[in-house]
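Structural features, examined
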Amino acid sequence: QKEVEQDPGPLSVPEGAIVSLNCTYSNSAFQYFMWYRQYSRKGPELLMYTYSSGNKEDGRFTAQVDKSSKYISLFIRDSQPSDSATYLCAMSAVDSSYKLIFGSGTRLLVRP
Amino acid sequence: ETGVTQTPRHLVMGMTNKKSLKCEQHLGHNAMYWYKQSAKKPLELMFVYSLEERVENNSVPSRFSPECPNSSHLFLHLHTLQPEDSALYLCASSQATPGLAGGRGTDTQYFGPGTRLTVL
C-alpha cells in the first residue's frame, strides 16, 4: 500500500466550476500537508501549506485536512483555464519534516 | 537569474556515458535536494544537503553521485545508467537546515524546472 494515494485523473471541468482534489494517507505521524501545482515542463510550486487539522483559505483555493479520516482536500473555486495543471499533495512528519512524501498527482483540465 | 535553475533541461545519454546535472539556487537557502519524478509515479526524494553536508541518502544506487561544493550549487553525477533511470530530475532548495542538530526542519521547498533525462 502506498503511503499517499491520489487519483491520477485526468479531471476535466468547465470554466467556473468548483474543483475538488483529494488525497488519502496511511501514516498517522504526518502533521504537515502541502499542495503543489505543476505545469507541463515546469517544476512543482507550492500552493497551500497546512499544519495538522483544519481549513486554510487563500483566494480561490481552500485546503482542508481531516486527520481522523487521514484525508486531505484542495478546493478551487471559479476554476480558470490557467488552473489546468497537475496537482500534487505532499505531507511529512514532525521528526522528518523535510522528507516530503508525495502523491502521484491529479491532472486537471479546465475547459474554456 | 532568479529562483532555482537547472541545466541542462534535456539530456539523452547512452548507458556507458558519464554526465552531470547542475542545479543552482539564487535564494540564499541552506538546503538543497534532488528528486526523481517518473511518469505516473510520485516524486522520490534522492538526496538532501544541509549546509553542504549530506543528511539524506535515500537508498539511491551508486550510479548516482551527488556533490554539493557550496550552499548555492548542487550536482548529480551520472554513470552507467539504466533505461529505467529515464525520468525528470528535480532540484529543490529551502531555507531550513534539515537533519542537523538543532536545525529547523520544515520549510517551503522551491523547485527548479527539472532536467528531462533519457537513457538509451
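What this report covers is the structure whose coordinates are included nearby. A quick note: this is a predicted structure, and the numbers were derived from the prediction, not measured. (Residues numbered from 1 in each chain as written. Chains lettered and ligands numbered in written order. Predicted model: local features only at pLDDT ≥ 70, side-chain atom pairs only at ≥ 80, totals over all residues. Heavy atoms only, no water.)

**Quick word on the environment of Gln95(B)**
All names here are of chain B. The condition is simple: A helix here means a DSSP run of H or I that spans at least four residues, while a strand means a run of E at least two residues long, and both kinds are numbered starting from the N terminus. Relative accessibility thresholds used throughout: buried, under 20% of the residue-type maximum; exposed, over 50%; partly exposed, between the two (1.4 Å probe, protein chains only).
Of note, Gln95 is situated in the loop between β9 (87-94) and β10 (110-111). Under the relative-accessibility criterion, Gln95 is labelled partly exposed at 35%. For Gln95 and Leu11, which are 84 residues apart along the polypeptide, the C-alpha to C-alpha distance reads 29 Å.

**A few points about the interface of chain B and chain A**
Many structure descriptions define interface size as the accessible area lost when the parts assemble. Stated formally: Note on contacts: a residue pair qualifies if any of its non-hydrogen atoms lie within 4.5 Å across the two residues. By definition here, a salt bridge exists when the distance from a side-chain nitrogen of Lys or Arg to a carboxyl oxygen of Asp or Glu is within 4 Å. Two N or O atoms count as a polar contact when they lie within 3.5 Å, although within protein this holds only if one can serve as hydrogen donor and the other as acceptor, and sequence-adjacent residues are included solely when both atoms are side-chain atoms. Note on residue classes: Ala, Val, Leu, Ile, Met, Phe, Trp, Tyr, Cys and Pro are nonpolar, Asp, Glu, Lys and Arg are charged, and everything else, Gly too, is polar.
Counting from both sides, the interface comprises 23 residues of chain B and, opposite them, 17 residues of chain A. At the boundary of chain B with chain A, the tally comes to 1 salt bridge. Applying the counting rule to chain B against chain A returns 6 residue pairs in polar contact (both at pLDDT 80 or more). Only β4 (31-37), β5 (44-50), β6 (53-57) and β9 of chain B provide two or more residues apiece to the side of chain B that touches chain A. Sort the elements by how many residues they give to the side of chain B that touches chain A and β4(B) lands first, with 3 residues. A class-by-class count of the residues in the side of chain B that touches chain A yields 12 nonpolar, 7 polar and 4 charged.

**Brief notes about unusual backbone geometry**
All names here are of chain A. At the junction of Gly9 and Pro10, the peptide bond is cis and its omega measures out at 10° in the coordinates. Structurally, the position occupied by Pro10 is in the loop between β1 (4-6) and β2 (11-14). The phi dihedral of Ser52 is positive, around 60°, even though this residue is not glycine. Relative to the helices and strands, Ser52 resides in the loop between β5 (45-51) and β6 (54-58). Given the relative accessible area of 22%, Ser52 is considered partly exposed. Even without being a glycine, Asp78 presents a positive backbone phi close to 45°. Mapped onto the elements of the fold, Asp78 is located in the loop between β8 (71-76) and β9 (85-93).

**Description of the sheet that holds β6(A)**
Residue and element names in this part refer to chain A. Heads up, the rule is: Any two strands with at least two DSSP bridges between them are considered paired. Axis definition: a line fitted to C-alpha atoms, limited for helices to the stretch in contact. Angles are taken between N-to-C directions and run from 0 to 180 degrees.
Here 5 strands make up an open sheet; going across it, the order is β1-β3-β8-β7-β6 and the pairing antiparallel. Of all strands in the sheet, those with a lone pairing partner are β1 and β6, marking the two edges. Taking each pair of neighbouring strands and ignoring which way they run, the sheet shows an average axis angle of 15°. Bridge count for strand β3 (residues 19-25) against β8 is 6 bridges, and the pairing is antiparallel. Bridge assignment links Ser20 to a residue of β8, and that residue is Phe75.

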